[in-house]
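# Fold and contact review
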Amino acid sequence: MADGYLTTHVLDTAQGRPAAGMRIALYRLDDETRMPLADAVTNADGRTDAPILPRQDFAIGTYELVFEVGAYLDGLGAPGPRFLTHVPVRFGIDDPDAHYHVPLLVSPFGYSTYRGS
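Worth saying up front: this structure is predicted, and the values here are computed from it rather than measured.

## Regarding helix α1 (residues 69-76)
Since the α-helix packs 3.6 residues into each turn, any two residues three or four apart lie on the same face. Regarding α1, the residues found buried are V69, G70, Y72 and L73. Down the axis, α1 shows its buried residues gathered within 160° of arc, on one side only. In this fold, the buried residues of α1 make contact with β1 (5-12), β2 (17-18), β5 (61-67), β6 (87-93) and β7 (99-107). Within two residues after α1, G77 carries a phi angle of roughly 80°, on the positive side.

## Brief notes about the sheet that holds β6
Think of a sheet as strands paired side by side through backbone hydrogen bonds, with each pair either parallel or antiparallel. One open sheet holds the 4 strands; their spatial order is β4-β3-β5-β6, and the pairing between them is antiparallel. Edge positions in the open sheet fall to β4 (33-41) and β6, since each of these has one partner strand only. Strand-to-strand twist of the sheet, defined as the mean angle between neighbouring strand axes without regard to direction, takes the value 25°. Relative to β6, β5 is paired through 7 bridges, and the arrangement is antiparallel. Residue G61 lies in a different strand from β6, and its bridge partner there is I93.

## Remarks on unusual backbone geometry
Omega for the bond connecting G80 with P81 falls within 30 degrees of zero, at 0°, which places this linkage in the cis form. You can see P81 is positioned in the loop between α1 and β6. Positive phi, close to 60°, is recorded for D31, a residue that is not glycine. Tracing the backbone shows D31 in the loop between β3 (23-30) and β4. D31 sits in the exposed class, given a relative accessible area of 68%.

## Things to note about the packing of aromatic side chains
Within the structure shown, the criterion is met by 2 aromatic pairs. Seen in terms of ring centroids, F58 and Y100 are 5.8 Å apart; in terms of plane orientation they differ by 40°. Their pairing is tilted. Taken together, the residues F58 in the loop between β4 and β5 and Y100 in strand β7 connect sequence positions 42 residues apart. In this pair, the class of F58 matches that of Y100, namely buried. Summarising the aromatic geometry, the rings of Y63 and F91 are spaced 6.2 Å apart at their centres and angled 25° between planes, so their arrangement reads as stacked. One end of the pair, Y63, is in strand β5; the other, F91, is in strand β6, and 28 residues separate them in sequence. Pair check on accessibility: Y63 and F91 agree, each one buried.

Conventions and cut-offs
Residues numbered from 1 in each chain as written. Predicted model: local features only at pLDDT ≥ 70, side-chain atom pairs only at ≥ 80, totals over all residues. Heavy atoms only, no water. Buried < 20%, exposed > 50% of the residue type's maximum accessible area, 1.4 Å probe, protein only. Helix = DSSP H or I, 4+ residues; strand = E, 2+ residues; numbered from the N terminus. Arc of directions from axis to C-beta. Contact = heavy atoms within 4.5 Å. Pairing = 2+ DSSP bridges. Axes fitted to C-alpha atoms, helices over the stretch in contact; angles between N-to-C directions. Phe/Tyr/Trp six-rings, centres within 6.5 Å; stacked < 30°, edge-to-face > 60°.

In structure tokens, the structure reads:
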């Protein structure tokens, strides 16, 4: 059994705080076919309550996290129209024993991500 797992953390850089209540979907890609694996919502700290992809489901492959930024901003009452609605982050997992952390720094007009620790 693999020991790896996948987590995320979303920070709202325009508000200077965690992005609480943002919906996130996880997909596994097989060629260009997207297979849904999980849905989660960020908590008050901008994290999910459990790993998005737990150890028992961890496998080598290509994945995509889709962050629903537009709905999050709508919930804040931020003025529109939306420049960002959905932020897809496509990445590969090649070490089934590693922890993959994919943070998202987001504002109404841009975002940044990286492989965290």
